[in-house]
Amino acid sequence: MNYYILTLFPEMMEQTLHTSILGKAEEKGLIKIQAVNIRDYTKDRHQKTDDYPYGGGAGMVMQAQPIYDAYLAVTEEIGYRPRTVYLTPQGPTFTQSKAKELAAEKDLVFLCGHYEGVDERVLEEIVTDYVSIGDYVLTGGELPAMVMIDAVSRMIPGVLTNEASGMAESFEGNLLEYPQYSRPFEWNGKKAPEILLSGDHRKIEIWRREQSILRTKKYRPDLLQKADLTIKEKAVYGVNDESAGRSV
Ligand code: 6GU
């Protein structure tokens, strides 16, 4: 996967994305991250990339030309117009299934906005996917782009050394992950659950699934409504489709 990040702050990305698991994935040639500095493409003699909004109002708007030329530099290099994500609180919220979907692409472009926004005309011209990472406002699209690159990369085969860990974990089947324990058996007066030391893999599996469901019910009841539960589990844990969205 080749990531091209169109940004005014390339150094912000460079620092973060070349370390840890993503750094290893890059060394293995599984991913490549290139930050493209939008300012390098301005035709303004003062290197300006933003201007006042037509119609007035607070803040500045990122202009179309430098963004479009930075984008064209990428498409000319790779020879086609790849999926292009604009990070904006106005997009639909990023999910695990969207991460999986994007992990199948060969190239991805991320456009990181700043200030009050980006000239609508360049968005119409290049953006294929509008994505938000949650209901709060950030100062720019750089952190959301990094969040997405992390989530997408770990879905690419070979990025996680333990292949299974990409599967059985939070959000798989819309359930949160079960709690984990390691040595010592007793810490701070608290024992690890005996069943995990029983060696009975069937019982451990049942216990873990129950923990996942209970946790999801407690912390993310909205997810539990969408979870892949058996009819029996729905009955035991009090989940039924009719109750979705009911307020009393
Ligand atoms: Cl993608 N961008 C900004 N600026 N703020 C956000 C966001 C994105 N997602 C949530 N808040």
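Residues numbered from 1 in each chain as written. Predicted model: local features only at pLDDT ≥ 70, side-chain atom pairs only at ≥ 80, totals over all residues. Heavy atoms only, no water.

(A) Representation of the side chain of Asp-50 in the model. Positionally, Asp-50 belongs in strand E3 (residues 50-51). Here Asp-50 sits buried without a salt bridge, and the closest side chain of opposite charge, Lys-48, lies 5.5 Å off (N-O distance). (Helix = DSSP H or I, 4+ residues; strand = E, 2+ residues; numbered from the N terminus. Buried < 20%, exposed > 50% of the residue type's maximum accessible area, 1.4 Å probe, protein only. Lys, Arg positive; Asp, Glu negative; His and termini not counted. Salt bridge = Lys/Arg side-chain N within 4 Å of Asp/Glu carboxyl O.)

(B) Region of the structure containing the pattern of salt bridges. Using the criterion set out here, one finds 13 salt bridges in the structure. Lys-98 is the partner of Asp-129 in a salt bridge, and the nearest nitrogen-oxygen pair spans 2.7 Å. Taken together, the residues span a long stretch of sequence, with Asp-129 in strand E8 (residues 129-131) and Lys-98 in helix H4 (residues 96-103) at a distance of 31 residues. You can call Asp-129 buried: its relative accessible area is 8%. According to the relative accessible area criterion, Lys-98 is buried, its value standing at 19%. One salt bridge connects Asp-200 with Lys-203, and the closest N-O pair in it is separated by 3.9 Å. The partly exposed category is assigned to Asp-200, whose relative accessible area is 29%.

(C) Structural view of the packing of H4 against helix H6 (residues 142-153). Running from N to C, H4 and H6 cross one another at 70°; their axes reach a closest spacing of 8 Å. Here H4 lies roughly perpendicular to H6, going by the angle between them. Contact residues: H4 offers Ala-99, Leu-102 and Ala-103, while H6 offers Met-148, Ala-151 and Val-152. Its residues placed into classes, the contact of H4 with H6 shows 6 nonpolar, no polar and no charged. (Axes fitted to C-alpha atoms, helices over the stretch in contact; angles between N-to-C directions. Parallel < 35°, antiparallel > 145°, perpendicular 65-115°, else oblique. Contact = heavy atoms within 4.5 Å. Nonpolar A, V, L, I, M, F, W, Y, C, P; charged D, E, K, R; others polar.)

(D) Summary view of the sheet that holds strand E4 (residues 61-62). Taken in spatial order, the 3 strands line up as E3-E4-E7 in an open sheet, and their pairing is mixed. Only two strands of the sheet have a single neighbouring strand rather than two, namely E3 and strand E7 (117-118). Bridge count for E3 against E4 is 2 bridges, and the pairing is antiparallel. For Asp-51, the partnering residue across the bridge sits in E4 and is Val-61. (Pairing = 2+ DSSP bridges.)

(E) Main features of helix H3 (residues 64-78). For H3, which comprises 15 residues, the first-to-last C-alpha distance of 21 Å matches the rise-based estimate of 21 Å (1.5 Å per residue) to within 8%. Considered for burial, the residues of H3 that qualify are Pro-66, Ile-67, Asp-69, Ala-70, Tyr-71, Val-74 and Thr-75. Once H3 finishes, Gly-79 follows within two positions and takes phi at roughly 85°, a positive value. (Expected span 1.5 Å × (residues − 1).)

(F) Region of interest: the nonpolar core. Tyr-3, Phe-110 and Val-152 are the most contacted members of the largest nonpolar core, which totals 28 residues. Contributing elements (two or more residues each) for this core: strand E1 (2-7), helix H1 (10-17), helix H2 (20-27), strand E5 (83-87), H4, strand E6 (107-112) and H6. Ranked by residues supplied to this core, first place goes to H6 with 6 residues. Counting 18 residues, the second largest nonpolar core, distinct from the first, contains Leu-6, Ile-38, Val-118 and Ile-126. (Core = buried A, V, L, I, M, F, W, Y, C linked by side-chain atoms within 4.5 Å.)

(G) Examining the site of the ligand more closely. As a structural note, the neighbourhood of the ligand is formed by Leu-87, Thr-88, Pro-89, Val-131, Ser-132, Ile-133, Gly-134, Tyr-136, Leu-138, Gly-140 and Pro-144. Residue Tyr-136 places a main-chain N or O atom 2.5 Å away from a nitrogen atom belonging to the ligand. Taking 290 Å² as the accessible area of the ligand by itself, protein coverage stands at 96%. Residue classes in the shell around the ligand are distributed as 7 nonpolar, 4 polar and no charged. (Near = heavy atom within 4 Å. Polar contact = N/O pair within 3.5 Å; in protein donor to acceptor, adjacent residues only side chain to side chain. Areas by Shrake-Rupley, 256 points an atom, 1.4 Å probe, with all protein chains shown as cover.)

(H) Inspection of the packing of H1 against H6 at higher detail. Between H1 and H6, the least distance of the axes is 10 Å, while the angle of their chain directions is 30°. Between H1 and H6, the interaxial angle falls into the category roughly parallel. Here H1 runs over H6; the crossing is right-handed. Listed contacts from H6 to Met-12, Met-13, Thr-16 and Leu-17 of H1 are Glu-142, Leu-143, Ala-145, Met-146 and Ile-149. Taken together, the residues of the contact of H1 with H6 break down into 7 nonpolar, 1 polar and 1 charged. (Left-handed = near helix turned anticlockwise from the far one by under 90°.)

(I) Broad picture of the confidence of the model for the chain. Chain-level statistics for the chain give a pLDDT mean of 93 and a share of 94% at 70 or above. Note on residues 243-248: pLDDT is under 50 here. Beyond four places in sequence and across chains, it has 2 contacts. (pLDDT = per-residue confidence, 0-100.)

(J) Region of interest: the side chain of Arg-83. Looking at the element boundaries, Arg-83 is found in strand E5. Polar contacts involving the side chain of Arg-83 include one to the side chain of Glu-105, which spans 3.3 Å. The residues touching Arg-83, leaving out its near neighbours within four places in the chain, are Lys-98, Glu-101, Leu-102, Glu-105, Asp-107, Leu-108, Val-109, Thr-128 and Asp-129.

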